Amino acid sequence: MRTAIYPGSFDPLTNGHLDVIQRAAKLFDRVIVAVAENEDKSPLFSLEERKQLVRESVAHIPIVESDSFDGLLVNYVDRRGGHAILRGLRAVSDFEFEFQLALMNRKLNERVETIFMMPRDTYTFLSSRIVKEIARLGGDITSFVPANVARALMERVGTSTKKLSKGVDL
Ligand code: ADP
């Protein structure tokens, strides 16, 4: 049973993430999408919400599950019996950080390999940050994220705008 762990903030999951998950699902017996707490990044969605959005978005792929973790990734990978850490590479700009992370994780745990996957070229420009920005500015995000994520984003951003106009703290 070969298990890949795909860690990230997923704030929220985009079609780029989903593309990577679908590719990995062809290579592994089980793919665990592991949502990181990442409080210091001030996520738009809570950990539970992000996990739930992932769960709904991967419901059609039986071997994929949604989970969350905090603490050291390599320890989580060990606990879940993972064989590989999965990361997505969009552009050269991702490379330096990902390279450093992969080598550090190897230092921390020799047994765990990191696998990089490239999404379909139309998703290489996609990031959760950009999708949130477009949603805030009222742009159409429906081709960038799964339908459930688009709904959640529009609700969340709509709510924030309403609160803002009433002068309530966000
Ligand atoms: P993190 O905060 O760890 O960067 P993200 O949720 O932003 O978490 O991304 C998780 C992983 O998915 C990272 O390896 C990132 O490079 C990759 N990723 C993000 N967006 C895309 C995309 N559009 N296509 C492919 N990989 C992506």
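Just so we're clear, the structure is a prediction, and the values are computed from it rather than from any experiment. (Residues numbered from 1 in each chain as written. Predicted model: local features only at pLDDT ≥ 70, side-chain atom pairs only at ≥ 80, totals over all residues. Heavy atoms only, no water.)

Colleague: Give me the site of the ligand: which residues, what numbers.
Modeller: Around the ligand sit 17 residues, and of these Tyr6, Ser9, Phe10, Lys41 and Gly88 come closest. Side-chain polar atom of Lys41 to an oxygen atom of the ligand: 2.5 Å apart, as the coordinates give it. Within the contact set of the ligand, a nitrogen atom lies 3.0 Å away from a backbone nitrogen or oxygen of Tyr123. Here the ligand, which alone exposes 550 Å², has 89% of that area covered by the protein. Elements that contribute at least two residues to the shell around the ligand include exactly β1 (3-8), α1 (15-27), β4 (84-88) and α4 (92-108). (Near = heavy atom within 4 Å. Polar contact = N/O pair within 3.5 Å; in protein donor to acceptor, adjacent residues only side chain to side chain. Areas by Shrake-Rupley, 256 points an atom, 1.4 Å probe, with all protein chains shown as cover. Helix = DSSP H or I, 4+ residues; strand = E, 2+ residues; numbered from the N terminus.)

Colleague: Give a description of the packing of aromatic side chains that names residues and reports values.
Modeller: One pass over the full model with this rule turns up four aromatic pairs. Residues Tyr6 and Phe10 carry aromatic rings whose centres are separated by 5.1 Å and whose planes lie at 80° to one another, so their mutual orientation is edge-to-face. Phe10 matches Tyr6 in its accessibility class, with the two residues each being buried. Both rings, one in Phe95 and one in Phe99, keep their centres 5.2 Å apart while their planes meet at 20°; by these two values the pair is stacked. Of this pair, Phe95 and Phe99 are both found in helix α4, four residues apart, which corresponds to roughly one turn of the helix. (Phe/Tyr/Trp six-rings, centres within 6.5 Å; stacked < 30°, edge-to-face > 60°. Buried < 20%, exposed > 50% of the residue type's maximum accessible area, 1.4 Å probe, protein only.)

Colleague: Give me the confidence of the model for the protein: which residues, what numbers.
Modeller: Considering every residue of the protein, the mean pLDDT works out to 91; 93% of them sit at 70 or more. This stretch, residues 162-170, has a pLDDT under 50; its non-local contacts, to residues over four places away or in other chains, come to four contacts. (pLDDT = per-residue confidence, 0-100. Contact = heavy atoms within 4.5 Å.)

Colleague: Any details on the nonpolar core? Residues and values, ideally.
Modeller: Ranked by size, the top nonpolar core spans 21 residues in total, and within it Phe10, Ile21, Val54 and Val64 carry the most contacts. Put simply, the parts of the chain that give this core at least two residues each are β1, α1, β2 (30-36), α2 (47-57) and β4. Examining the composition of this core, we find that five residues originate from one element, α1, more than from any other. Once residues within four sequence positions are removed from consideration, Val54 is found in contact with Phe10, Leu13, Val33, Val35 and Ser66. Counting 14 residues, the second-largest nonpolar core is a separate cluster that includes Tyr123, Phe144, Val149 and Leu153. (Core = buried A, V, L, I, M, F, W, Y, C linked by side-chain atoms within 4.5 Å.)

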